[in-house]
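Below, each chain spelled out in residue letters.
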Amino acid sequence: MERLASTFRMTVNEKKFIEKALLSDLRIDGRRPFDFRRITIKFEDGSSEVQLGQTHVMGFVTGQLVQPYRDRPNEGTLSIYIEFSPMADPSFEAGRPGEAAVELGRVIDRGLRESRAVDMESLCVLAGKLVWSIRIDLHIIDNGGNLIDAANIAALAALLTFRRPDCSLGGEDGQELIVHPPEVREPLPLIIHHLPIAVTFAIIGTENIVVIDPTHSEEAVMGGRMTATLNTNGDICAIQKAGGVGIMQSVIMQCLRIASVKAADITSKIKSAVEAFNTERALRKIKRHSSSIAVDVSGPVAKMRDSKQQSVDEKVVNELSSHHMERLKMVTEESCITQSSNVEVKTQLFEQGRTNRIDQNSRSFTGGPSSCK
């Protein structure tokens, strides 16, 4: 608050206007006290871009193989770095991070690390020797208030879309590390058990009015701030209280109940955005590896290739069908010849039997009268 007050000085009338409006459950941007601003999430491979009202934050996730810590040889590492640009706020100084940047990084790091949201053991490649070190870089593009919630959403969205290369052990001794490129093996996503969502409340005025998602102007007049990090299961991952104004226990419990509802809503928005991006990425991969018959991507050349392939297929089918018909014809002719030969044999036997019967009858007829004489 002191950092903002040094550069963004508000008049007494402006402060009174904000406080009187909050007494009527109204805010200067038209929201209710417990309404979030509109959240927009965009993605690239391993990066995210989040816009919360006028607040704009970009997150990038990278990974590299390093040696693990001695006390945790089977776990990877996770680190968060915040960059405040003077373009986002005149009070931000380039170069060395200030107190605000350090505080923002610690709040987000505590919510991710202490809740064990990311499976660190799955980042182990070779126990005691090589693990994956995941680094989250958060860049503040525009400070419109409530940087904690916007940066937390950007970090989670970037982690969900990040893919690390697949690794295996080979060589003569079986201890040589092989990092497979994406063309050889599909990159692997991070194992994330749950999404810790940060929800920030501001305490304004002598009446200790509580509002959610404070803007830049509301942060300039607030007397304190409380950030609660929860997941969809209702588990409290972390709580951070800043400022000298005290908060009653009943107010804290009310804020936690509201934060639980908001966390579920934000989680559904993040998952729907990630699912849409993964679908789009899968479609791009299918188009990149599709055959010429399935998709016409090069105009006449592909059509000629399709027609040639189709003519070859038709020729093969015709040859197979003609060969099959010839075999059927040969089988039919053989059966006909066999049937005709059987008929001829039967006819010859019938004629021979008939001739023998006639000869016997004629012999018995001529021999009869001679015996009478």
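Heads up: the structure comes first, above all this text.
The model shown is predicted, which means the values in this text are computed figures rather than measured ones. (Residues numbered from 1 in each chain as written. Predicted model: local features only at pLDDT ≥ 70, side-chain atom pairs only at ≥ 80, totals over all residues. Heavy atoms only, no water.)

Caption draft 1: Seen up close, the packing of helix H3 (residues 99-113) against helix H4 (residues 147-161). Relative orientation of the contacting elements H3 and H4 amounts to 50 degrees, with a least axis distance of 10 Å. Relative to H4, H3 is oriented oblique. Crossing handedness for the pair H3 and H4: right-handed. Residues Leu104, Val107, Ile108 and Leu112 of H3 form the contact with H4, whose own contacting residues are Leu147, Ile148, Ala151, Asn152, Ala155, Leu156 and Leu159. (Axes fitted to C-alpha atoms, helices over the stretch in contact; angles between N-to-C directions. Helix = DSSP H or I, 4+ residues; strand = E, 2+ residues; numbered from the N terminus. Parallel < 35°, antiparallel > 145°, perpendicular 65-115°, else oblique. Left-handed = near helix turned anticlockwise from the far one by under 90°. Contact = heavy atoms within 4.5 Å.)

Caption draft 2: Spatial organisation of the nonpolar core. Grouped together as the largest cluster of nonpolar side chains are 63 residues, with contacts concentrated most on Ile41, Leu104, Leu112, Ile136, Leu138, Ile140 and Phe201. Beyond its immediate sequence surroundings of up to four residues, leucine 138 is in contact with Met58, Gly59, Ile80, Tyr81, Ile82, Glu83, Ile108, Ala151, Ala154 and Ala155. In terms of nonpolar packing, the next biggest core, distinct from the first, is built from 10 residues, Ile204, Ile209, Val211 and Ala220 among them. (Core = buried A, V, L, I, M, F, W, Y, C linked by side-chain atoms within 4.5 Å. Buried < 20%, exposed > 50% of the residue type's maximum accessible area, 1.4 Å probe, protein only.)

Caption draft 3: Expanded view of the packing of aromatic side chains. Within the structure shown, the criterion is met by 1 aromatic pair. Here the aromatic rings of phenylalanine 43 and phenylalanine 277 are separated by 5.4 Å at their centres, their planes lie at 35 degrees, and the arrangement is tilted. Here phenylalanine 277 lies in helix H6 (residues 249-288) and phenylalanine 43 lies in strand S1 (residues 39-44), a separation of 234 residues in the sequence. Taking relative accessible area as the criterion, phenylalanine 43 reaches 12% and is therefore assigned buried. Over the aromatic face of tyrosine 81 sits the side chain of arginine 135, whose NZ or CZ is 3.9 Å from the ring centroid. (Phe/Tyr/Trp six-rings, centres within 6.5 Å; stacked < 30°, edge-to-face > 60°. Lys NZ or Arg CZ within 6 Å of the ring centre and 35° of its normal.)

These values are about where atoms sit, not about what they do.
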